[in-house]
Amino acid sequence: MSDLTVLGVETSCDETAAAVVRLSASGEATVLASVVGLQTDQHAPFGGVVPEIAARAHVETIDSVVAEAMARAGTGWGELSAVAATAGPGLIGGVMVGLSFGKAVALARGLPLVAVNHLEGHAVSARLAARIDYPFLLLLVSGGHCQLLRVDGIGACTRLGSTIDDAAGEAFDKIAKSLGLPYPGGPALEKLAATGNPDGFDLPRALLGRPGCDFSFSGLKTAAAKLVAETPEARRADLAAAVQAAIARQLAERTRRAMLACAPDLPPGERRFVVAGGVAANGAVRKALQDLAAELGWSFDAPPLAYCTDNAAMIALAGAERLALGLTDPLSAPARPRWPLDAAAAAERPTHLPGRKGAKA
Ligand code: KG4
Ligand code: ZN
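Worth saying up front: this structure is predicted, and the values here are computed from it rather than measured.

A. Layout of the packing of helix H7 (residues 218-230) against helix H8 (residues 236-262). In the contact formed by H7 and H8, the axes pass within 11 Å of each other and the chain directions differ by 170 degrees. When the interaxial angle is binned, H7 and H8 end up roughly antiparallel. Contact residues: H7 offers Leu220, Ala224, Leu227 and Val228, while H8 offers Arg236, Leu239, Val243, Ala246 and Ile247. Looking at the contact of H7 with H8 residue by residue, the class counts come to eight nonpolar, no polar and one charged.

Written out as structure tokens, the structure reads:
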């Protein structure tokens, strides 16, 4: 296999992103350019992402974001091996913008199209900056997802657990909102928590004795909202610190179970743990997981912060890895609001009531 150079496009939430990534014949990834256009200012007045506003903003900026990525990479269109675009899961209006843009590029330039699952992008994101061989245990924690997956390779993920209500990032965002913090809430809550003492509040510990690796954050969200109303301004930082510690603790507790379940199949040198997704940017979460990995003898990797939150470099890399396996998609590839990585587990053991169109993730 020769080197592959792939343009990636990501528009599934509120980042309009494009990147160019080269995957060498020996499997090494180099990010030639990664551009992320943020729409935060447009959503901030509403306290969260408004799908319609996101889709319109993607339409307005996708062209210039892709042009900037190509210019920064110094790559001519003729040097590209393929174009990869997120085809789901996500906000459907936004997904359609990026996927249609990717199809147009593929058609105009005669390139193969790779329709990428956004979650597979997060799954490979740590491989953008470090050599991490398959298989690895992945904790994917973002605003929309909270899952533990065993990743044996591209297209080969087994879901070990998932949230039965909110995602961890959603919990950060909603609790931040009830604390009166600006959107996006996760980073704002972490900043406030930095000056607080986490020990003063009694918060619920969801699913504590329950077997398996599922997560639940709705009890914490309700308890925190109640405490916010009773807590004086001077103690808000302590409450933020307590909430952050509770989320970190649950993530580590469930990851511990997944590590113990996977360990018997893996020789000690092959126990690799990766955390990815926006919440992996949180220092307390990283530390809890790092300590756990050290305790149980697993390696620990997290992508650099720029690749934790949504970006197109991870989509380009997932696309390049798919292309290397000969996996491309026709121009009729659908945009999918719901698209579980482990479709069998999602169908057999849905953590949410499956909607009309099936399990979300
Ligand atoms: O991966 P991502 O950019 O988008 C999704 O695919 O959801 O994750 C965004 C989520 C948001 O909920 C945001 O509040 C959270 O990641 N997040 C954080 C931090 N940075 C981002 N949560 C806690 N602490 C942070 N430092
Ligand atoms: Zn994401």
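B. Fine view of the coordination of the zinc ion (ligand 2). Protein-derived ligands of the zinc ion (ligand 2) are His118 (NE2), His122 (NE2) and Asp310 (OD), with the metal-ligand distances lying across 2.0 to 2.2 Å. Considering all four donor atoms around the zinc ion (ligand 2), angles at the metal cover 95 to 140 degrees and the coordination shape is irregular. Each donor residue of the zinc ion (ligand 2) lies on one chain, and together they are spaced H-x3-H-x187-D. Placement of histidine 118 in helix H4 (residues 118-124) and of aspartate 310 in the loop between helix H10 (305-308) and helix H11 (313-324) is noted, with a sequence separation of 192 residues between them. Judged by its relative accessible area of 5%, histidine 118 is buried.

C. Here's a closer look at the pairing of strand E9 (residues 272-276). Counting buried positions along E9 yields five of five residues, so the element is predominantly enclosed. Along E9, one buried face is formed by Arg272, Val274 and Ala276 and the opposite face, lined by Phe273 and Val275, is buried too. Of the pairings in the sheet, the one linking strand E6 (residues 136-141) to E9 comprises four bridges and is parallel in character. Looking at E9, one finds that leucine 138 is bridged to valine 274. Inspection of the sheet shows E9 paired to strand E10 (residues 299-301) by three bridges, in the parallel sense. Looking at E10, one finds that phenylalanine 273 is bridged to phenylalanine 300. Running through helix H9 (residues 283-296), the crossover from E9 to the neighbouring parallel element E10 is right-handed.

D. Layout of the pairing of strand E3 (residues 29-38). Here nine bridges tie strand E2 (residues 15-23) to E3, and the two strands are oriented antiparallel to one another. Considered in E3, the bridge of valine 21 is made with valine 31. Counted along the chain from E2 to the antiparallel partner E3, the turn is five residues long, and its residue glycine 27 has a positive phi close to 95 degrees.

E. Fine view of the sheet that holds E10. With mixed pairing, the five strands of this open sheet are ordered in space as E8-E7-E6-E9-E10. Since the sheet does not close on itself, it has two edges, and those belong to strand E8 (156-162) and E10, each with one partner. The average angle at which neighbouring strand axes cross in this sheet is 25 degrees, direction not considered. Across the sheet, H8 touches E6, strand E7 (146-153), E8 and E9, and the angle it forms with E6 is around 160 degrees.

F. The pattern of salt bridges, seen in detail. Taken as a whole and judged by the stated rule, the model has 16 salt bridges. Measuring nitrogen to oxygen at the nearest pair gives 4.0 Å for the salt bridge that ties arginine 22 to glutamate 79. Of this pair, arginine 22 sits in strand E2 while glutamate 79 sits in the loop between helix H2 (51-73) and strand E4 (82-88); the two residues are 57 residues apart in sequence, bridging distant segments of the chain. Of the charged contacts, one joins glutamate 170 and lysine 174 as a salt bridge, the two residues approaching to 3.1 Å between their closest N and O atoms. Here glutamate 170 and its partner lysine 174 are both found in helix H5 (residues 168-178), four residues apart, which amounts to about one turn of the helix. Note on glutamate 170: relative accessible area 25%, which makes it partly exposed. Look at lysine 174 and you get partly exposed, because its relative accessible area is 34%. Residues participating in the shared-partner salt-bridge network are Asp166, Glu170, Lys174 and Lys221.

G. View of the nonpolar core. Membership of the largest hydrophobic core comes to 49 residues, with the highest contact counts inside it found for Leu139, Phe217, Ile247, Leu251 and Trp298. Elements supplying a minimum of two residues to this core: E6, E7, H5, helix H6 (185-193), H7, H8, E9 and H9. The contact partners of tryptophan 298, leaving out residues within four places of it in the chain, are Leu137, Met259, Cys262, Ala263, Leu266, Arg271, Arg272, Phe273 and Ala293.

H. Looking closely at H8. If you check H8, its first and last C-alpha atoms are 39 Å apart, about what 27 residues at 1.5 Å a residue would give, namely 39 Å. Most of H8 sits inside the fold, with 20 of its 27 residues counted as buried.

I. Structural view of the site of ligand 1. With respect to spatial proximity, 19 residues lie near ligand 1, and among them Gly143, Asp173, Glu190, Gly278 and Asp310 are the closest. Within the backbone of glycine 144, an N or O atom sits 3.1 Å from an oxygen atom of ligand 1. In this structure, an oxygen atom belonging to ligand 1 sits 3.0 Å away from a main-chain N or O atom of aspartate 310. For the shell around ligand 1, the residue count by class is five nonpolar, eleven polar and three charged.

J. Seen up close, unusual backbone geometry. That bond from tyrosine 134 to proline 135 is cis: its omega, 0 degrees, falls within 30 degrees of zero. Mapped onto the secondary structure, proline 135 falls in the loop between H4 and E6. The amide bond that connects tyrosine 183 to the next residue, proline 184, takes the cis arrangement and shows omega of -5 degrees.

The rules we used
- Residues numbered from 1 in each chain as written.
- Chains lettered and ligands numbered in written order.
- Predicted model: local features only at pLDDT ≥ 70, side-chain atom pairs only at ≥ 80, totals over all residues.
- Heavy atoms only, no water.
- Axes fitted to C-alpha atoms, helices over the stretch in contact; angles between N-to-C directions.
- Helix = DSSP H or I, 4+ residues; strand = E, 2+ residues; numbered from the N terminus.
- Parallel < 35°, antiparallel > 145°, perpendicular 65-115°, else oblique.
- Contact = heavy atoms within 4.5 Å.
- Nonpolar A, V, L, I, M, F, W, Y, C, P; charged D, E, K, R; others polar.
- Donors = N, O, S within 2.8 Å, 3.2 Å for Na, K, Ca; no water.
- Tetrahedral: all angles 85-135°; square planar, octahedral: opposite > 155°, others 65-115°.
- Buried < 20%, exposed > 50% of the residue type's maximum accessible area, 1.4 Å probe, protein only.
- Pairing = 2+ DSSP bridges.
- Right-handed = clockwise from strand over helix to strand, strands pointing away.
- Salt bridge = Lys/Arg side-chain N within 4 Å of Asp/Glu carboxyl O.
- Core = buried A, V, L, I, M, F, W, Y, C linked by side-chain atoms within 4.5 Å.
- Expected span 1.5 Å × (residues − 1).
- Near = heavy atom within 4 Å.
- Polar contact = N/O pair within 3.5 Å; in protein donor to acceptor, adjacent residues only side chain to side chain.

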